[in-house]
Amino acid sequence: MLDQILVPFTDLHLLLLIALGTLFGVVKGLLPGLSVTMAVTLLVSLTYTWDTIPAIVTMIAVFYGGVYGGARSSILINVPGSASSLAHTFDGYPLTKRGEAGVAIGITTIYAVIGGAIGLLCLALAAPFLGELALGFAARDYFLIMFLGLLLVGGLSEGSMAKAIFVAGIGVTLGMVGMDSLTGVERFTFGNLELKSGINYIACMLGLFGLSEVFVQLHNLGKVKADVIIGKILPPLIYLIKFLPLTIRTAIIGVVVGILPGAGGEISSLIAYDHAKKTVKNPTRPFGKGAYEGLVAPEVAVMSTNGGAMIPMLTLGIPGDAVTAVLIGAMTIHGLKPGPMLMVETPELFWVILGAALVSLIFIIVWGLSAISFFARVILIPKYILMPIIVFFTVIGSYGINNSVADVYWMIAFGVIGYLLKLYKFPTGPMVLGIILGPQMDVYLRRAIITEEGSIWGFVSSLFVHPISLILTLFVLFTLLSQTAFYKKMSKQLFQKFSKKSA
């Protein structure tokens, strides 16, 4: 099938479509609130009359370019371009404030390609096996995964763990607002029709990270003088070797999370960032202060998640995330059958898609590094020009979610909340995480209990009976233990003793 992989490389028409699709995705990623899902959905209607291969190949290119582009605004202006680029703000924006915006974008570009390539390698080699493994996950397992993601608030908190848990709890509560997806009962709506559809996490994210940043900048106007230096673009070559173990570990995290339906890059990036914080003993700088490892881990995980998400999409017809759900619909519109029959009836398409993703990674390097000065110079725009632009895109982005003014009001409300949280040193990331994961945890928990005929004890005992559930439960318990002061004290003492013996 090697000749099919090379089709996107040799067909000039497809090559041009992939180049433009990747560029469109990257530009979209720079605009907060305009999700990759929205971009791919738009292409479904635009490419309806196209031939099958050009249409699917273009959507794959937008998919990869959009996921990569989301981190640019996170790094430059501390506003995530998508939910999956939330973790990039932790060390990306501090690097920008240190005058290393060019290096930050250079690192994410290089490791985006490496992570994406590893994800595609796993797609090519392990698609059938890993796809079948995902079928073994029950509702209780998905609940454990979501719960594990919520536990990462400890990794998102710069200071008090209690503050992070408090903010995450508020996020979970807000995520429950709206119609119950299982029973149709209204929750926390207080009779308001606008609240029946719930609070959209994109509006929340735009307010907490976009509008609140404008308020913070206005609050500090005249107090902090900007001194931005773009500096060099490419990091020292030695870092490619130094970060190799972390790259491999976080790529595996990304692929595994990508395989699980509904998980997505927002979870894999946070897990990878938390993993880096716990395993990297001597980071280039403290995490949260501009550590290169804090950019490498989420970038590799997010891009490798793409390959993982396409494994169940192409082998089982099960979407790994929202974008692959749209891609399944697009393939169905074009007369294809995503799932096991795809490999039987049109196996050549699988390899063409794989080749298109590889070409898209090449163009990510081309567009990412050639336009890096353009991206980085966004931060040189005067505040009186940049701040209104950010406000404009947060308003447009929040309105464009559902074409609803109510989402704009929510965005403004969360902007004020985010400003107050930052003013009093509360982390904002856990609130977004709670809003995203809370409803999913609720649904999977109740499905798991329903499976056990309503028995809470049956649900608890099932966590220790089934192998997959047992592994995840032990991982959750370990994560809880690892965030206690006792564990941190003991691990520090053991590390010091080991270091002395090694010396």
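To be clear, the structure that these remarks concern was listed above.
Keep in mind the model is a prediction, meaning the values are calculated, not measured.

Peer 1: Is there a simple way to explain the overall build of the chain in this structure?
Peer 2: Within the chain, the secondary structure is distributed over 25 helices and two strands. Contacts in the chain between residues at least 24 apart in sequence constitute 76% of all its contacts with a sequence separation of at least 6. For the chain, the computed accessible surface area is about 21,800 Å², with 71% contributed by carbon and sulfur atoms.

Peer 1: Would you mind going over helix H11 (residues 201-219) with me for this structure?
Peer 2: Structural remark: α-helix, 3.6 residues per turn; residues separated by three or four positions point the same way. Helix length check: H11, at 19 residues, gives a terminal C-alpha distance of 25 Å against a target of 27 Å (1.5 Å per residue), a fit within 8%. Helix geometry: H11 is bent most strongly at Gly207, by close to 35 degrees. Most of H11 is tucked away: 15 of the 19 residues are buried.

Peer 1: How should I be thinking about the side chain of Thr189 in this particular structure?
Peer 2: Relative to the helices and strands, Thr189 resides in the loop between strand E2 (186-187) and H11. A distance of 2.8 Å separates polar atoms of two side chains, one belonging to Thr189 and the other to Glu186.

Peer 1: Just checking my understanding: could you explain the packing of H11 against helix H21 (residues 405-423) for this structure?
Peer 2: Axis angle and axis distance: for two packed helices, these are the angle between their axes and the distance between the axes, and together they describe the pair. At a minimum axis separation of 6 Å, H11 and H21 run at an interaxial angle of 55 degrees. Between H11 and H21, the angle falls in the class oblique. Crossing of H11 over H21 shows right-handed handedness. Note on element contacts: H21 touches H11 through Asp407, Met411, Ile412, Phe414, Gly415, Val416, Ile417, Gly418, Tyr419, Leu421, Lys422 and Leu423, opposite Ala203, Cys204, Leu206, Gly207, Leu208, Leu211, Ser212, Glu213, Phe215, Val216 and His219.

Peer 1: Even after reading the chapter, I still don't get the environment of Leu121, so can you show me in this structure?
Peer 2: Its place among the elements puts Leu121 in helix H7 (residues 101-135). Sequence separation between Leu121 and Ser304 is 183 residues, and the spatial gap between their C-alpha atoms is 9.5 Å.

Peer 1: I keep staring at the nonpolar core and nothing clicks. Help me out?
Peer 2: Counting residues in hydrophobic clusters, the biggest one holds 118 residues, and the most contacted among them are Met59, Tyr64, Met310, Leu314 and Met331. When residues in this core are grouped by element, the largest group, twelve residues, is from helix H5 (residues 52-77). Excluding anything up to four places from it in sequence, Met331 contacts Ile56, Met313, Leu314, Leu336, Pro338, Leu342, Leu349 and Ile353. One finds Ile18, Val57, Ala61 and Ala356 within the second-largest nonpolar core, a separate group that totals ten residues.

Peer 1: Help me out: how do you make sense of the packing of helix H15 (residues 293-315) against helix H18 (residues 347-370) in this one?
Peer 2: Put simply, H15 and H18 touch, their axes get as near as 12 Å, and they point 165 degrees apart. Considered as vectors, H15 and H18 are oriented roughly antiparallel to each other. Taken as a pair, H15 and H18 cross one another with a handedness that is right-handed. Of the residues in H18, those touching H15 at Met303, Met310 and Leu314 are Phe350, Ile353, Leu361 and Ile364.

Peer 1: Before we go on, may I ask you to explain helix H14 (residues 265-279) in this structure?
Peer 2: Compared with an ideal rise of 1.5 Å per residue, which puts 15 residues at 21 Å, H14 spans 20 Å between its outermost C-alpha atoms and is within 8% of the ideal. Of all the 15 residues making up H14, eleven are buried; the element is thus mostly covered by neighbouring parts of the structure. Of the positions making up H14, those classed as buried are Gly265, Glu266, Ile267, Ser268, Ser269, Leu270, Ile271, Ala272, Tyr273, Asp274 and Ala276.

Peer 1: Honestly, the packing of aromatic side chains in this entry has me stumped. Any pointers?
Peer 2: Aromatic ring pairs: the centre-centre distance and the angle between the two ring planes describe each pair. Using the criterion set out here, one finds eleven aromatic pairs in the structure. On the basis of an interplanar angle of 55 degrees and a centroid distance of 6.2 Å, the ring pair of Phe166 and Phe426 is categorised as tilted. In this pair, Phe166 is assigned in helix H10 (residues 161-175) and Phe426 in the loop between H21 and helix H22 (429-451), connecting sequence segments 260 residues apart. With a relative accessible area of 24%, Phe426 lands in the partly exposed category. Ring plane angle 25 degrees and centroid distance 6.4 Å describe the contact between Phe363 and Trp367, whose orientation is recorded as stacked. Taken as a pair, Phe363 and Trp367 lie in helix H18 at a separation of four residues, close to a single helical turn. You can call Phe363 buried: its relative accessible area is 17%. Each member of the aromatic cluster is reached from another via a ring pair, and the members are Phe90, Tyr273 and Phe287. Sitting over the ring of Tyr292, Arg285 keeps its end group 5.3 Å from the ring centre.

Peer 1: Where do I start with the pattern of salt bridges in this structure?
Peer 2: Proximity of charged atoms lets side chains of opposite charge pair with each other. In total, this model carries seven salt bridges according to the counting rule given. Between Asp442 and Arg187 there is a salt bridge, with its nearest N and O atoms 3.0 Å apart. With Asp442 in helix H22 and Arg187 in strand E2, this residue pair connects regions lying 255 residues apart in the sequence. Lys278 serves as the salt-bridge partner of Asp274, at 3.2 Å between the closest nitrogen and oxygen. A residue pair is termed a helical-turn pair when its members lie 3 or 4 positions apart in one helix, as Asp274 and Lys278 do in helix H14 at four residues. A single network of salt bridges, built from pairs that share partners, joins Asp180, Arg187, Asp442 and Arg446.

Peer 1: What should I look at first to understand a nonpolar patch on the surface in this one?
Peer 2: Taken together, Tyr399, Val405, Tyr409, Ile412, Val416, Leu420, Leu423 and Tyr424 make up a surface patch of nonpolar side chains, about 760 Å² in accessible area. The biggest single contributor to the nonpolar patch is H21, with six residues. On the secondary structure map, Val416 appears in helix H21.

Peer 1: Looking at this model, I keep getting lost on the environment of Ala251. Mind explaining?
Peer 2: Topologically, Ala251 is positioned in helix H13 (residues 244-259). Assessed through its relative accessible area of 1%, Ala251 is described here as buried. Along the sequence, Ala251 and Glu299 sit 48 residues apart, while their C-alpha atoms lie 9.1 Å from each other. The contacts of Ala251, once residues within four sequence positions are left out, are Ile118, Val300 and Ser304.

Quick notes on the rules
Residues numbered from 1 in each chain as written. Predicted model: local features only at pLDDT ≥ 70, side-chain atom pairs only at ≥ 80, totals over all residues. Heavy atoms only, no water. Helix = DSSP H or I, 4+ residues; strand = E, 2+ residues; numbered from the N terminus. Contact = heavy atoms within 4.5 Å. Areas by Shrake-Rupley, 256 points an atom, 1.4 Å probe, with all protein chains shown as cover. Expected span 1.5 Å × (residues − 1). Bend = angle between axes of the 7 residues up to and from the residue. Buried < 20%, exposed > 50% of the residue type's maximum accessible area, 1.4 Å probe, protein only. Polar contact = N/O pair within 3.5 Å; in protein donor to acceptor, adjacent residues only side chain to side chain. Axes fitted to C-alpha atoms, helices over the stretch in contact; angles between N-to-C directions. Parallel < 35°, antiparallel > 145°, perpendicular 65-115°, else oblique. Left-handed = near helix turned anticlockwise from the far one by under 90°. Core = buried A, V, L, I, M, F, W, Y, C linked by side-chain atoms within 4.5 Å. Phe/Tyr/Trp six-rings, centres within 6.5 Å; stacked < 30°, edge-to-face > 60°. Lys NZ or Arg CZ within 6 Å of the ring centre and 35° of its normal. Salt bridge = Lys/Arg side-chain N within 4 Å of Asp/Glu carboxyl O. Patch = residues over 30% accessible without salt bridge, like charges linked within 9 Å, V, L, I, M, F, W, Y side chains within 5 Å.

Worth remembering: the numbers are spatial, not functional.
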